[in-house]
Structure formats: structure tokens, C-alpha cells
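A closer look at the structure
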Amino acid sequence: MPSYTLLVNGRRRTVEAAANTPLLWVLRDNLGMTGTKFGCGIAQCGACTVHIDGQAIRSCIMPVSAVGASRVTTIEGLSADSTHRVQKAWVAEDVPQCGYCQSGQIMAAAALLGKKPQPTDAEIDAAMSNICRCGTYQRIRAAIHRAAKEA
């Protein structure tokens, strides 16, 4: 089985995995980073969202062989103590209900704010394509606006 050296949350990690193994399963099963969730397996729900070089991607369809030297950031790497401005805004706006999709939502929101520091409602709606079965979309939008003000 081939080995891959990945830069995950600022640390080089070497894993053995088949080339077509989704990054999601390498993160969860090989590296023990269970904050990134499995939802649908077809890149529709966004529960598996991580950053590749600052861009939000769905890790359930990204083969580990395609990562290369890119920087991977998971929810665990967003901040060591949950003090990233998006995480703080999520708490302040009481966003989660069940919480299952929230790591993916937070990662998508952080990537959005990295590109658009002061997004409009329309830009938030366009960028936040993750699915929340609890329907907390209004609170998600409010949290993103709150986090934008803290920049």
C-alpha cells in the first residue's frame, strides 16, 4: 500500500492508504481526527468539509492521492481552543441543534470569510451550500455576520 505525507493542521503526517481512499477516511480512521463527519459520501451535504489551502472542499470525494503538498485544515486545526471568530460566533448565536453538521458548516463559513470578509446575505446563501437537517440557516447567517464584524 502506498504511503502519503500530508500537511494536516500544520503537522506533517505520513499515512498508508490506497490512492483512491477519500481524505475523510484518512483523517478519521488513520489520523483519529473525528471532528470531520461523514454525511452522504457524494459531496452533497457538506458535513465532511475541510480546507485545502484555505478553500472549502468536501473531503468525502477527495482522494488522498490528490492532496499532494497542499495544506489540510480540519475543524481540530481551526483553533486549538475553539476561539476562532467563527466558532465563537456559533456559540454566541446558539447555532447548533443536533450539532452533527456544524464542523462542516463552520469550516465552510471560515473559508467564506477568508475570501469575503464582509459577505452579504446573498453571498452567504451562495457559499453555504452545506445541509443542516435541523434548519438553523437563519442562525448560521447571523453567526457569519457576527464573525465578520470581529475581523
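Report follows, based on the coordinates. Along every chain, residues carry numbers that run from 1 in the direction the sequence is written. Where local features are concerned, this predicted model is filtered to residues with pLDDT of at least 70; where side-chain atom pairs are given and counted, the filter is 80 or more; whole-chain, interface and lining totals use all residues. Side-chain figures throughout are based on the complete set of non-hydrogen atoms in the structure, without hydrogens or water.

1. Details of the environment of Ser-129
- Labels follow the DSSP assignment, with helices taken as runs of H or I lasting at least four residues and strands as runs of E lasting at least two, numbered in each case from the N terminus. Along the chain, Ser-129 falls in the loop between helix H5 (121-127) and helix H6 (137-149).
- Of the residues examined, Ser-129 reaches a relative accessible area of 42% and is grouped as partly exposed.
- Counting along the chain gives 21 residues from Ser-129 to Ala-108, while the straight-line C-alpha distance between them is 8.5 Å.
- Whether two residues are in contact is decided by their heavy atoms: any pair within 4.5 Å suffices. Leaving out residues up to four positions away in the same chain, Ser-129 has contacts with Gln-44 and Arg-58.
- We call two N or O atoms a polar contact when they sit within 3.5 Å, provided that within protein one can donate a hydrogen and the other can accept it, with sequence-adjacent residues counted only if both atoms are side-chain atoms. At a separation of 2.8 Å, a polar atom in the side chain of Ser-129 contacts the side chain of Arg-58. Whether a residue is buried, partly exposed or exposed follows from its accessible area with a 1.4 Å probe, protein chains only, as a fraction of its type maximum: under 20%, in between, or over 50%, in that order.

2. Overview of the sheet that holds strand S5 (residues 71-73)
- Strand pairing is defined by DSSP finding a minimum of two bridges between the two strands. Strands sit in the order S2-S1-S5-S3-S4 across an open sheet of five strands; the sheet is mixed. At either end of the open sheet lies a strand with only one pairing partner, and these are strand S2 (11-16) and strand S4 (55-58). Neighbour to neighbour, the strand axes of the sheet diverge by 40 degrees on average, direction disregarded.
- Of the pairings in the sheet, the one linking strand S1 (residues 3-8) to S5 comprises two bridges and is parallel in character. Residue pairing in the sheet places Leu-7 in a bridge with Arg-71 of S5. Simply put, an axis is a line fit to the C-alpha atoms, just over the touching stretch for a helix, and the angle between two N-to-C directions goes from 0 to 180 degrees.

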